[in-house]
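Survey of secondary and tertiary structure
Each chain is listed here by its residues.
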Amino acid sequence: MNNIDIFSPIYKLNYTINKNDIYIKREDLIPFSFGGNKVRKAKLFFEEIESNKHDYVVTYGSSSSNHSRVIANMAKSKGINCTIISIEGNNHTFNSKLVKMFQTNVILTKVERIKNTINFVMNDLMHKGYNPYFIQGGGHGFFGTKAYVDVYKEIILYSKENNIDFDNIFLASGTGTTQAGLVIGSLLNNDNINIIGISIGRKRTYGRQVISESIYEYLSKTKQIFSKNIINDKIKFLDDYLLDGYGSYNEEIIKTISNVLNKEGINLDTTYTGKAFWGMSEYINKNNIQNKKILFIHTGGTPLFFTDLGRIMK
Ligand SMILES: *Cc1c(COP(=O)(O)O)cnc(C)c1O
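Structure report, in brief.

Rules used in this analysis
Residues numbered from 1 in each chain as written. Predicted model: local features only at pLDDT ≥ 70, side-chain atom pairs only at ≥ 80, totals over all residues. Heavy atoms only, no water. Helix = DSSP H or I, 4+ residues; strand = E, 2+ residues; numbered from the N terminus. Rg over C-alpha atoms; globule rule 2.2 N^0.38 Å. Buried < 20%, exposed > 50% of the residue type's maximum accessible area, 1.4 Å probe, protein only. Near = heavy atom within 4 Å. Polar contact = N/O pair within 3.5 Å; in protein donor to acceptor, adjacent residues only side chain to side chain. Areas by Shrake-Rupley, 256 points an atom, 1.4 Å probe, with all protein chains shown as cover. Core = buried A, V, L, I, M, F, W, Y, C linked by side-chain atoms within 4.5 Å. Contact = heavy atoms within 4.5 Å. Pairing = 2+ DSSP bridges. Axes fitted to C-alpha atoms, helices over the stretch in contact; angles between N-to-C directions.

**Details of the overall build of the protein chain**
Secondary structure assignment for the protein chain yields eleven helices and ten strands. In terms of overall dimensions, the protein chain is globule-like: its C-alpha atoms have a radius of gyration of 19 Å, near the 20 Å expected for 314 residues. When the backbone C-alpha atoms are referred to their principal axes, the protein chain occupies close to 60 × 55 × 40 Å. Per-residue burial over the protein chain gives 57% buried out of 314 residues.

What follows is the structure, given as structure tokens:
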């Protein structure tokens, strides 16, 4: 894993929405554990874990969590112990099955007991003589943000090499650091690309607040300053396509997933990328955006495509 230089392709789809060119960045093709944005983040977290000689990694996520799968797989591949705290009563997904396959220590708990469970697990491990490292859900934190500041450089490089100026970037936005990193990348590049996060779980106010905190954390650690207004204007986080919240989907999302697979051979899922792709299409049509160059970040989640397939396409 340490030897893999992570890079993902960008290319133009045949698929158009309201006369806009749609490009895609295939983060789902990153060559580790079925890919996705969580691999980018995990790589940086594990560099920290290894350089500080931690011997145990602890994190949490829902049963759909791509983050949990990637952390469990990376810990396994490096021979580092791993505990995943997961929410009980969730539906089983291929992600949760994979986590078990890595012989990870899984602790099931209720949502409202997550914080206590984390404290208990961390204290218990330290008591037993381990040097554990805790990663917040979704790979939240400085390294999660940094991963996508770096990705933005790949996008700039592609734009320059191919002489393509993107007007908008759309992505599925969850715990926020993917979007925070891209926003910082755009600020540092001094461009005016609209980065539009389609919320897959959070309401607007809270979602924006967390993204903005991640931006300030990164800027303060790297000693850079931007005005509050500039930062606020840059955060575009839409909760209009949430439906009933995290994990919920409708017929249109399923149609979108099937369309994109049929026309482009690309897998999306109902929780993250399919919801975001659908939200993006709705937004473009509603605002009658035309003749623009739009980049969709495929943030991964391949195992969830198969979970969906089993649930929906019986
Ligand atoms: C986690 C995840 C996201 C959201 O990324 P955040 O950095 O948490 O906002 C989007 N898509 C997929 C497939 C994910 O696994």
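**What about the site of the ligand?**
Around the ligand sit 15 residues, and of these Lys38, Lys41, Thr175, Thr178 and Thr299 come closest. Contact between the ligand and Thr175: an oxygen atom at 2.4 Å from a side-chain N or O atom of the residue. One nitrogen or oxygen atom from the main chain of Gly176 is found 2.9 Å from an oxygen atom belonging to the ligand. When isolated, the ligand has an accessible area of 380 Å², and the protein chains bury 97% of it.

**Comments concerning the nonpolar core**
By size, the foremost hydrophobic cluster in this structure holds 55 residues, and its most contacted members are Phe46, Val57, Ile155, Phe166, Leu182 and Ile215. Residue contacts for Leu182: discarding those within four places in its chain leaves Tyr148, Val151, Tyr152, Ile155, Leu171, Ile195 and Ile297. Core analysis: the second largest hydrophobic core is formed by 29 residues, Ile257, Tyr272, Ala276 and Ile294 among them.

**Structural notes on the sheet that holds strand 3 (residues 56-61)**
Spatially, 5-4-3-6 is the arrangement adopted by the four strands of the open sheet, whose pairing is parallel. Of all the strands in the sheet, just strand 5 (105-109) and strand 6 (132-134) have a single pairing partner and so form its edges. Going from strand to strand, the sheet's axes swing by 20° on average, the running direction of each strand aside. Relative to strand 5, strand 4 (residues 81-87) runs parallel, the two being bridged by five bridges.

**Observations concerning the environment of Ile80**
Relative to the elements of secondary structure, Ile80 occurs in the loop between helix 2 (66-78) and strand 4. For Ile80, a relative accessible area of 11% translates into the label buried. Counting along the chain gives 200 residues from Ile80 to Met280, while the straight-line C-alpha distance between them is 39 Å. Dropping the residues within four chain positions of it, Ile80 is found in contact with Phe46, Ile49, Glu50, His54, Asp55, Tyr56, Val57 and Ala75.

**Considerations on unusual backbone geometry**
The backbone of Phe34 sits at a positive phi, close to 65°, despite the residue not being glycine. Tracing the sequence through the fold places Phe34 in the loop between strand 2 (20-26) and helix 1 (37-51). Positive phi, normally seen in glycine, also occurs at Lys53, with a value near 55°. Within the fold, Lys53 resides in the loop between helix 1 and strand 3.

**A word on the sheet that holds strand 7 (residues 168-173)**
The mixed open sheet is built from six strands, whose spatial order is 1-2-10-7-8-9. Because the sheet does not close on itself, it has two edges, and the strands there are strand 1 (10-17) and strand 9 (236-238). Between one strand axis and the next, the sheet turns by 30° as a mean value, whatever way the strands run. Where helix 6 (residues 177-189) meets the sheet, it contacts strand 7, strand 8 (194-199), strand 9 and strand 10 (293-298), and its direction lies at approximately 175° from that of strand 8.

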